[in-house]
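Spelled out from the first residue to the last, the chains are:
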Amino acid sequence: MNPIILFDGECNFCDSSVQFIIKRDKKEVFHFASLQSEAGQELIKKFNVPPDVDSMILIEDDKVYYKSAAALRISRHLEGAWKLLYGLTITPSPIRNAVYDIVAKNRMKWFGKKDSCMLPPPNVRKRFL
């Protein structure tokens with residue numbers, strides 16, 4: 001099973017993050033589902049994701065990763081120097097997650113909100129659940 005990234009489909013920052021990942025995931029490792037979608041809701045239930053989780057979620061090898069752990073695990077699969085960010089895993093997770101939480105808490109205020117989830121272009125639609 002390919003790793004799956006769950007994201008907030010109404011968040012402009014989250015949408016931009018997904019587009020960023022797609023452009024740098026040349027091997028098409030990741031699949032995607034918005035948290036609002038039926039597939040996203042099924043995965044949330046299947047993996048017992050707490051309802052208060054306000055972050056991008058990575059499901060990889062039947063394990064769930066949140067916050068900075070998810071972001072850094074994603075980075076290791078991306079083309080270019082982005083995979084070097086995975087080295088930040090040596091930083092204690094409370095420090096990494098404090099920075100992540102600041103962005104997550106303010107993402108709607110800073111980047112805005114969409115009225116609905118984006119419709120992916122045909123060439124990447126197959127990667128969305």
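Please refer to the structure placed before this passage.
Residues numbered from 1 in each chain as written. Predicted model: local features only at pLDDT ≥ 70, side-chain atom pairs only at ≥ 80, totals over all residues. Heavy atoms only, no water.

### Details of the pattern of salt bridges
The tally for this structure, following the rule as stated, stands at four salt bridges. With its nearest N and O atoms 3.4 Å apart, the salt bridge here joins Glu60 to Arg76. Taken as a pair, Glu60 in strand β3 (residues 57–60) and Arg76 in the loop between α3 (67–75) and α4 (93–111) lie far apart in primary sequence, 16 residues in all. The exposure class of Glu60 is buried, given its relative accessible area of 5%. (Salt bridge = Lys/Arg side-chain N within 4 Å of Asp/Glu carboxyl O. Helix = DSSP H or I, 4+ residues; strand = E, 2+ residues; numbered from the N terminus. Buried < 20%, exposed > 50% of the residue type's maximum accessible area, 1.4 Å probe, protein only.)

### Describing the sheet that holds β3
Spatially, four strands are ordered β2-β1-β3-β4 in an open sheet, and the strand pairing comes out mixed. If you trace the sheet from one side to the other, it starts and ends with β2 (31–34) and β4 (63–66), each paired once. Across the sheet, the mean angle separating the axes of adjacent strands is 20° when strand polarity is ignored. Alignment of strand β1 (residues 4–7) against β3, held across three bridges, turns out to be antiparallel. Counterpart to Ile5 in the pairing with β3 is Leu58. Along the sheet, helix α2 (residues 38–46) makes contact with β1, β2 and β3, crossing β1 at roughly 105°. Against the sheet, α3 makes contact with β1, β3 and β4, and its axis sits at roughly 105° relative to β4, the strand it touches most. (Pairing = 2+ DSSP bridges. Axes fitted to C-alpha atoms, helices over the stretch in contact; angles between N-to-C directions. Contact = heavy atoms within 4.5 Å.)

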